[in-house]
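Report on the structure
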Amino acid sequence: MTHTTDGTNMGMDPVHSGLINGKGHYYPDETEKPLDPELPLETFKVKPDKHYRFRIINVAMFVSFRFSIDEHILHVIATDGHDVEPETAQSIVISSGERYDVLVQTKPHSMKNYFIQLGDMEVKNRQDDTIFPRVAKAVLRYQDAPDELPKTRRQNCTKENMCKVINCPNKSYPEAANVECLPVSDLRSTQEVIDSNPVPVSLKEITIREDFLNFHFTTSTPELEHPSYKATINGHAFTTPICPPQSTYKQQENACINDCSRYDCTIRLCNCTLMLNYDNTLMGSAVQLILLNRDVIHGSTDHPIHIHGHSFHVLKIAYPELDLTTGLVMNFSRDIECETETCQKPRWSNNFF
């Protein structure tokens with residue numbers, strides 16, 4: 001596995017090259033000179049002193065990218081289809097499957113070309129050797145600009161001119177990176193979004209239900225020198241039921257749904273269908289999900305998490321403890337405690353949470 005700045009696993013192998021809307025160059029070394037500059041790059045034509053909305057989605061299987069436009073400020077206005085109060089940044093980190101909407105105000109008198117850049121977040125390979133991050137590029141072409149590649153570069157982040165980054169992979173970058181991180185939990189929904197999806201509250205005299213879900217990698221063969229790992233939730237590798245769970249009950253359900261509640265998965269990996277049963281939860285009740293990434297591999301692997309068909313409110317993000325100089329993870333968040341190394345039954349470490 002490759003690693004990002006904090007030691008978190010990123011991809012199976014280093015990125016070879018990236019594409020924006022199916023187009024891109026291959027950059028064989030740190031100079032970022034394309035191997036074949038005649039290949040086309042995606043080009044967005046703009047006029048001076050206008051506002052343009054870019055909708056960005058990362059469709060990569062593993063790797064997160066840091067999105068920026070040379071010499072332009074990004075104004076984030078939506079994440080995963082939900083509007084937020086505008087937040088300015090130099091760049092945004094976008095993980096697999098994540099979406100961001102940004103507004104960009106063009107310069108009033110420019111006739112230049114500028115690079116749009118997706119910077120690969122990988123910094124180490126599986127042997128912990130340093131690798132230079134790859135980059136995918138597109139072109140922001142102003143009206144009357146020449147038909148040529150831009151000569152612009154990404155902002156040089158310094159102590160005097162820090163780079164503000166939204167959705168950093170962890171609480172902070174190494175000090176030398178000169179990056180100011182803003183977590184997604186600091187973004188604020190617009191009033192319209194709150195009105196249509198209000199913050200859930202507990203019903204009278206009913207305690208809010210809590211469910212802990214640890215997205216991690218587990219092996220069924222830990223005794224092997226090179227065990228194979230599967231993506232799991234609380235130690236359960238998902239198997240698809242052969243009938244629809246929402247409309248199947250009683251005896252038929254037992255026959256076609258391999259329910260994880262039948263197994264003890266604290267010792268070995270289970271292959272089953274993990275279901276959160278809300279049959280005895282009143283309609284309209286608030287439910288709190290505590291989502292974490294914690295496993296025994298070198299750092300936890302980056303897991304973007306999506307809840308299909310539901311809107312939700314991010315209340316808090318807790319980060320692991322970092323070495324501020326190196327940026328590496330030193331310890332997991334102390335908010336959670338686990339019974340096992342793979343944390344298949346996480347719970348609050350403080351009963352007052």
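Overview of the structure. (Residues numbered from 1 in each chain as written. Predicted model: local features only at pLDDT ≥ 70, side-chain atom pairs only at ≥ 80, totals over all residues. Heavy atoms only, no water.)

**Focus on the environment of Arg268**
Rule in force here: Here a strand is any run of E in DSSP of at least two residues, a helix any run of H or I of at least four, and the numbering for each starts at the N terminus. Under the scheme applied here, a residue whose accessible area is under 20% of the maximum for its type counts as buried, over 50% as exposed, and between as partly exposed, the area being computed with a 1.4 Å probe on protein chains only.
For Arg268, the location among the structural elements is in the loop between α2 (250-256) and β15 (270-272). Judged by relative accessible area, which is 42%, Arg268 ranks as partly exposed. Along the primary structure Arg268 and Ser68 are separated by 200 residues, whereas in three dimensions their C-alpha atoms are 43 Å apart.

**Here's the deal with the side chain of Ser64**
Selection rule: As used in this structure description, the phrase polar contact means that two N or O atoms lie within 3.5 Å; if the pair is within protein, one of them must be able to donate a hydrogen and the other to accept it, and residues adjacent in sequence are counted only when both atoms belong to side chains.
Within the element layout of this structure, Ser64 appears in the loop between β2 (51-57) and β3 (65-69). Classification of Ser64 as buried rests on a relative accessible area of 1%. Side chain to side chain, Ser64 and Ser95 meet in a polar contact 2.9 Å long.

**Focus: the sheet that holds strand β8 (residues 113-120)**
Stated formally: Two strands qualify as a pair provided DSSP detects at least 2 bridges between them. Every axis corresponds to a line fitted to the C-alpha atoms, with the helix fit spanning only the stretch in contact, and the corresponding angles, defined between N-to-C directions, vary from 0 to 180 degrees.
Across the sheet, seven strands lie side by side as β1-β9-β8-β3-β6-β10-β11; this open sheet has mixed pairing. Strand pairing shows two members of the sheet lacking a second neighbour, β1 (43-46) and β11 (179-182), which therefore form its edges. The average undirected angle you get between the axes of adjacent strands in this sheet is 25°. Sheet topology places β8 next to strand β9 (residues 135-142); seven bridges connect them, and they run antiparallel. Among the inter-strand pairings, Gly119 is bridged to a residue of β9, identified as Val135.

**Describing the side chain of Ser96**
Spelled out, the test is: Between two residues, a contact is recorded if the distance between any of their heavy atoms is within 4.5 Å.
Tracing the backbone through its elements, the reader meets Ser96 in the loop between β6 (91-94) and β7 (99-105). Given the relative accessible area of 12%, Ser96 is considered buried. Those residues in contact with Ser96, other than ones at most four positions away along the chain, are Asn58, Ala60, Met61, Phe62, Val63, Pro304 and His306.

**Re the sheet that holds strand β4 (residues 74-79)**
The strand order across the open sheet formed by four strands is β2-β7-β4-β5, and the pairing between neighbours is antiparallel. Across the chains shown, the open sheet's two edge strands, defined by having one partner strand only, are β2 and β5 (82-89). On average, each strand axis in the sheet is tilted by 25° relative to the strand beside it, whichever way the strands run. Sheet topology places β2 next to β7; seven bridges connect them, and they run antiparallel. Paired with Ile56 across the strands is Tyr100, a residue of β7.

**Details of the pattern of salt bridges**
Applied cut-off: Within this document, salt bridges are pairs made up of a side-chain nitrogen of Lys or Arg and a carboxyl oxygen of Asp or Glu, the two lying within 4 Å of each other.
Evaluated as defined, the whole model comprises 14 salt bridges. The closest approach of N and O atoms between Arg154 and Glu32, which form a salt bridge, is 2.4 Å. Highlighted residues: Arg154 in the loop between β9 and β10 (163-166) and Glu32 in the segment before β1, separated in sequence by 122 residues. Classification of Arg154 by relative accessible area gives partly exposed; the value is 37%. A relative accessible area of 19% means that Glu32 is categorised as buried. Notably, a salt bridge pairs Asp211 with Arg209, separated by 2.9 Å at the nearest N-O pair. Taking relative accessible area as the criterion, Asp211 reaches 11% and is therefore assigned buried. One network of salt bridges, with partners in common, ties together Glu32, Lys137 and Arg154.

**A short note on a nonpolar patch on the surface**
The test is simple: A residue counts toward a patch only above 30% relative accessible area and without a salt bridge, and it is joined to like-charged neighbours within 9 Å or, for Val, Leu, Ile, Met, Phe, Trp and Tyr, to nonpolar neighbours within 5 Å. We get accessible surface area from the Shrake-Rupley algorithm with a probe of 1.4 Å; when it comes to residues, only the shown protein chains can shield them.
Residues Leu276, Val287, Leu289, Leu291, Ile307, Phe312, Val314 and Ile317 make up a contiguous nonpolar surface patch of about 570 Å² in total accessible area. Secondary-structure assignment places Ile317 in the loop between β16 (287-292) and β17 (321-322). According to the relative accessible area criterion, Ile317 is partly exposed, its value standing at 33%.

**Here we look at the pairing of β3**
It is a general feature of regular strands that their side chains alternate between the two faces of the sheet. Among the five residues of β3, five are classified as buried, and the element is accordingly described as predominantly covered. Residues of β3 alternate between two faces, with Phe65, Phe67 and Ile69 on one and Arg66 and Ser68 on the opposite face, all of them buried. Where β3 and β8 come together, five bridges link them in antiparallel fashion. Following the sheet pairing, Ser68 is matched in β8 by Gln117.

**Points about the nonpolar core**
The nonpolar side chains of soluble globular proteins are, as a tendency, buried together. Here is the rule: Side-chain atoms within 4.5 Å are what join buried Ala, Val, Leu, Ile, Met, Phe, Trp, Tyr and Cys residues into a set we call a nonpolar core.
By size, the foremost hydrophobic cluster in this structure holds 39 residues, and its most contacted members are Phe67, Ile92, Val102 and Leu140. With four residues, β9 is the single largest residue contributor to this core. When neighbours within four sequence positions are excluded, Leu140 is seen to be in contact with Phe44, Val46, Phe54, Ile69, His72, Lys112, Asn113, Tyr114 and Ile116. Judged by nonpolar contacts, the second largest core, of six residues, contains Phe212, Leu292, Cys343 and Trp348.

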